[in-house]
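Each chain, letter by letter, is given below.
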Amino acid sequence: NNKFEKLYELIETAVDRGDTKILEKLLEFQKQINKDIAKAEFYKALHGFQSELQPIKKSNVVYNKDGSIRYKYASFDDIVKAIQPLLKKYGLTFHFKAEYDEKNQTIAVHCIITHIIGHQEIATFKAPLTIPDKMQFMQAYGSILTYAKRYSLSLALGLATEEDENIHVAIPF
């Protein structure tokens, strides 16, 4: 690219002259250009990803006590299986960081979406840690953690699940 050639020429000139102030400014300018390019490429990849991804099938069912369907949902595994090929195609990856707030009894899961050239975006989902009577702390923690991972990933990537055809209930949060 002609613009980069000019920048590199200016950097070489600053090096040859030993002008560290100009060199620092030029290198900072180059760093900002690289960040801007990485951000643009991230959003281009995210656009491609979202354009191709179909709504994710809700294959898990929660029943009422009378045996009727309360609601359906897409599990974390189902979501990962559905998105993995497109993430790979567009150079996107995800990982999580979790925080437990003992004072407020909440778990915050941060989903970090990273593009292959470095730009990343973070979406956070916080959930209260409630421990049902028949569950131990670690079981409840694991359950809420999985739930928060599923929702932070969905938030970060703008995922949609298929609409239920015969069920009209709110999904509990």
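Predicted, not measured: the structure shown is a model, and the values here were computed from it. (Residues numbered from 1 in each chain as written. Predicted model: local features only at pLDDT ≥ 70, side-chain atom pairs only at ≥ 80, totals over all residues. Heavy atoms only, no water.)

### Things to note about the overall build of the protein chain
- Across its full length, the protein chain holds 4 helices and 5 strands.
- Tracing the protein chain from N to C terminus, the helices and strands come up as α-α-β-β-α-β-β-β-α.
- Here the protein chain has a C-alpha radius of gyration of 23 Å; the compact-globule value for 173 residues is 16 Å, and the former is much larger.
- Taken over the C-alpha atoms alone, the protein chain extends approximately 80 × 40 × 20 Å along its principal axes.
- Buried positions account for 33% of the 173 residues belonging to the protein chain.
- The long-range share in the protein chain, meaning contacts at least 24 apart out of those at least 6 apart in sequence, stands at 49%.
- Distance between charge centres in the protein chain, computed from 23 positive and 22 negative side chains, equals 3 Å. (Helix = DSSP H or I, 4+ residues; strand = E, 2+ residues; numbered from the N terminus. Rg over C-alpha atoms; globule rule 2.2 N^0.38 Å. Buried < 20%, exposed > 50% of the residue type's maximum accessible area, 1.4 Å probe, protein only. Contact = heavy atoms within 4.5 Å. Lys, Arg positive; Asp, Glu negative; His and termini not counted. Charge placed at Lys NZ, Arg CZ, Asp CG, Glu CD.)

### Side note on the packing of aromatic side chains
- Following the criterion strictly, the structure yields 8 aromatic pairs and no others.
- With 6.0 Å between their ring centres and 80° between their planes, Tyr100 and Tyr141 make a pair best called edge-to-face. Here Tyr100 is found in strand β3 (residues 92-101), whereas its partner Tyr141 is found in helix α4 (residues 137-157), with 41 residues between them in sequence.
- Using a relative accessible area of 18% as the deciding quantity, one classes Tyr141 as buried. (Phe/Tyr/Trp six-rings, centres within 6.5 Å; stacked < 30°, edge-to-face > 60°.)

### Comments concerning the sheet that holds strand β4 (residues 106-115)
- With antiparallel pairing, the 3 strands of this open sheet are ordered in space as β3-β4-β5. Every interior strand has two partners, whereas the edge strands, β3 and β5 (120-128), have only one. Between one strand and the next, the sheet's axes are offset by a mean angle of 20°, whatever the strand orientation.
- Looking at chain direction, β3 and β4 are connected through 10 bridges and run antiparallel. Residue pairing for β4: Tyr100 is matched across the bridge by Ile107.
- Against the sheet, α4 contacts β3, β4 and β5, and its axis sits at roughly 40° relative to β4. (Pairing = 2+ DSSP bridges. Axes fitted to C-alpha atoms, helices over the stretch in contact; angles between N-to-C directions.)

### Section: the nonpolar core
- Counting 22 residues, the largest nonpolar core has Phe49, Ile83, Phe94, Ile113, Leu153, Leu157 and Leu159 as the members making the most contacts within it.
- Considering each element in turn, this core owes the most residues, 6 residues, to helix α3 (residues 76-89).
- Those residues in contact with Phe94 that lie beyond four places of it in its chain are Phe76, Val80, Ile83, Gln84, Leu87, Cys111, Ile112, Ile113 and Leu153.
- Judged by nonpolar contacts, the second largest core, of 11 residues, contains Ala127, Leu129, Ala148 and Tyr151. (Core = buried A, V, L, I, M, F, W, Y, C linked by side-chain atoms within 4.5 Å.)

### What about α3?
- Across its 14 residues, α3 extends 20 Å between first and last C-alpha, which sits within 8% of the 20 Å expected from 1.5 Å per residue.
- For α3, the principal kink sits at Ile83 and spans about 40°; a proline, Pro85, occurs within the next four residues.
- Of all the residues in α3, the buried ones are Phe76, Ile79, Val80, Ile83, Leu86 and Leu87.
- Against the buried residues of α3 lie α2 (20-52), β3 and α4.
- Of the residues flanking the end of α3, it is Gly91, one or two places downstream, whose phi is positive at about 70°. (Expected span 1.5 Å × (residues − 1). Bend = angle between axes of the 7 residues up to and from the residue.)

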